[in-house]
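The primary structure of each chain is shown beneath.
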Amino acid sequence: MPDITLNAPKLFDLRGRIAIVTGAGSGIGQRIAIGLAQCGADVALLDRRTDDGLAQTAKHIRDAGRRAIEIAADVTTKSSLADAVAQTESELGSLTLAVNAAGIANAKPAEEMEEDQYQTLMDINLKGIFLSCQAEARAMLKNGGGSIVNIASMSGVIVNRGLSQVHYNASKAGVIHMSKSLAMEWVDRGIRVNTISPGYTATPMNTRPEMVHQTKLFEEQTPMQRMANVDEMVGPAVFLLSNAASFVTGVDLLVDGGFCCW
Ligand SMILES: NC(=O)c1ccc[n+]([C@@H]2O[C@H](COP(=O)([O-])OP(=O)(O)OC[C@H]3O[C@@H](n4cnc5c(N)ncnc54)[C@H](O)[C@@H]3O)[C@@H](O)[C@H]2O)c1
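Quick notes on the rules
- Residues numbered from 1 in each chain as written.
- Predicted model: local features only at pLDDT ≥ 70, side-chain atom pairs only at ≥ 80, totals over all residues.
- Heavy atoms only, no water.
- Salt bridge = Lys/Arg side-chain N within 4 Å of Asp/Glu carboxyl O.
- Helix = DSSP H or I, 4+ residues; strand = E, 2+ residues; numbered from the N terminus.
- Buried < 20%, exposed > 50% of the residue type's maximum accessible area, 1.4 Å probe, protein only.
- Near = heavy atom within 4 Å.
- Polar contact = N/O pair within 3.5 Å; in protein donor to acceptor, adjacent residues only side chain to side chain.
- 1 Å grid on protein atoms, 1.4 Å probe; cavity = no way out; pocket = protein on both sides within 12 Å on 5 of 7 lines; lining within 4 Å.
- Sits in = over half its atoms within 2 Å of the grid points.
- Nonpolar A, V, L, I, M, F, W, Y, C, P; charged D, E, K, R; others polar.
- Points joined across faces, edges and corners; volume = space filled by probe spheres on them.
- Contact = heavy atoms within 4.5 Å.
- Axes fitted to C-alpha atoms, helices over the stretch in contact; angles between N-to-C directions.
- Parallel < 35°, antiparallel > 145°, perpendicular 65-115°, else oblique.
- Left-handed = near helix turned anticlockwise from the far one by under 90°.
- Pairing = 2+ DSSP bridges.

J.: So, the pattern of salt bridges: which residues are in play, and what are the values?
T.: In this structure the tally under the stated criterion is eleven salt bridges. Between aspartate 231 and arginine 31 there is a salt bridge; the shortest N-O distance is 2.7 Å. Pair noted here: aspartate 231 is in the loop between α7 (215-221) and α8 (234-241) and arginine 31 is in helix α1 (residues 27-38), with a separation of 200 residues, a long-range link. Note that glutamate 89 is salt-bridged to lysine 142, the shortest N-O span being 2.6 Å. Within this pair, whereas glutamate 89 is found in helix α3 (residues 78-91), its partner lysine 142 is found in helix α4 (residues 115-143), the two being separated by 53 residues in sequence. Accessibility expressed as a relative area gives 55% for lysine 142, which makes it exposed. Here the salt bridges share partners, and the residues they tie into one network are Asp42, Arg66 and Arg67.

Here it is in structure tokens:
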């Protein structure tokens, strides 16, 4: 007879936990931040947006009865991330959860791509994830451990047919392997690091001009015959962050409607 004193639904309970979410002013990061609050976490919201994106996320979190702070910062600036973590800890408490969703996408044929376009995307999508993990882990190591989820992409696993985005695909493959590497560096010090690799997901990122006409194609190419809704990223993130995933580290969780099977 197994020991059944374990309360399975409580595994997903994030009450009393403090989280930081980058890219929390829009799309996947925004929805995950609200989802973490719905599971009980208090959340620091970081984004470089100057519109009301962060305020909207914070309102939903406060409506759910949790605390939120808004931090306008850029993930490419190391000192801003250190300040953001310090502000999170002084205003909310000890940081043990992080979701790094800040990222950009654009496209251009490789033979025409300017160095600037390549470098700017790499700085945000790859270096930004590293600097975020570094700042978050410094706090988590002090706090006895934690869990980090980085948002990669199925583009780090496959090459999207019809999209000339060599820099984006390479950045996401980098995020997946960087996360495994960090997972192993911190495996004996209580920090788990995993990635979620979404398939095509309906967010503002996909309303950029070169993508709009492709939406129908994205749906047809996906085995489930549709794009993901941002709500569908919440469960995977809560799972990986929570005690339900206590033996899960260095994993890339594809959330792609079956895309990578075909
Ligand atoms: N939408 C998709 O189909 C899809 C698929 C796979 C992976 N992703 C990844 O999911 C993540 C979120 O994308 P989304 O679709 O929600 O896009 P989005 O544009 O709606 O949200 C991205 C957010 O990141 C913020 N951001 C960008 N650069 C930043 C910086 N330097 N510092 C701080 N904040 C910054 C933006 O201001 C924005 O609010 C990205 O990493 C993206 O690559 C998206």
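J.: Go over the site of the ligand with me, naming the residues and quoting the values.
T.: Near the ligand there are 29 residues, and of these Ser26, Ile28, Asp47, Tyr168 and Thr203 occur at the shortest range. One of the side-chain N or O atoms of aspartate 74 is found 2.9 Å from a nitrogen atom in the ligand. Between the ligand and tyrosine 168, the relevant distance is 2.7 Å, taken from an oxygen atom to a side-chain nitrogen or oxygen of the residue. Among the cavities detected, the one that contains the ligand is the largest pocket. Breaking the shell around the ligand down by element, the ones donating at least two residues are α1 and α5 (166-185). Its residues assigned to classes, the shell around the ligand shows 14 nonpolar, ten polar and five charged.

J.: Residue-level account of the layout of surface pockets, with values.
T.: Any empty space left between atoms is shown by rolling a water-sized probe over those atoms. One number sums up the size of the largest pocket: a volume of about 750 Å³. Surrounding the largest pocket, 39 residues form its lining, Ala101, Gly103, Ile104, Thr203 and Met205 being those nearest its centre. Those elements that provide at least two residues to the lining of the largest pocket are α1, β2 (42-47), α4 and α5. If one sorts the elements of the lining of the largest pocket by residue count, α1 sits on top with three residues. Of the residues contributing to the lining of the largest pocket, the split by class is 19 nonpolar, 14 polar and six charged. Counted as a void, the second largest pocket has a volume near 190 Å³. What lines the second largest pocket is simply Ile158, Val159, Asn160, Arg161, Gln221, Phe259 and Trp262. Taken together, the residues of the lining of the second largest pocket break down into four nonpolar, two polar and one charged.

J.: Can you tell me about the side chain of asparagine 160, naming the residues and giving the values?
T.: Mapped onto the fold, asparagine 160 is located in the loop between β5 (146-151) and α5. Residue asparagine 160 is classed as buried on the basis of its relative accessible area of 3%. Those residues in contact with asparagine 160, other than ones at most four positions away along the chain, are Met154, Ser155, Gln165, Asn169 and Tyr200.

J.: Just give me the short version of the packing of α1 against α8, but keep the residues and values in it.
T.: For the pair α1 and α8, interaxial distance at closest approach is 9 Å and the crossing angle is 55°. By the angle between their directions, the pair α1 and α8 is classed as oblique. In the crossing of α1 with α8, the sense of the turn from one axis to the other is right-handed. Counted together, Arg31, Ile32, Gly35 and Leu36 of α1 and Val234, Ala237, Val238 and Leu241 of α8 form the full contact between these two elements. Residue classes in the contact of α1 with α8 are distributed as six nonpolar, one polar and one charged.

J.: I'd love a proper account of the sheet that holds strand β6 (residues 191-198), names of residues and values included.
T.: Strand order across the open sheet formed by seven strands is β3-β2-β1-β4-β5-β6-β7, with parallel pairing between neighbours. Edge positions in the sheet fall to β3 (68-72) and β7 (252-255), since each of these pairs with one other strand and no more. Strand-to-strand twist of the sheet, defined as the mean angle between neighbouring strand axes without regard to direction, takes the value 20°. In the packing of α4 onto the sheet, contacts are made with β1 (18-22), β4 (95-100), β5 and β6, and the angle to β4 comes to roughly 165°. α8 rests against β4, β5, β6 and β7 of the sheet, and its axis sits at about 165° to β6.

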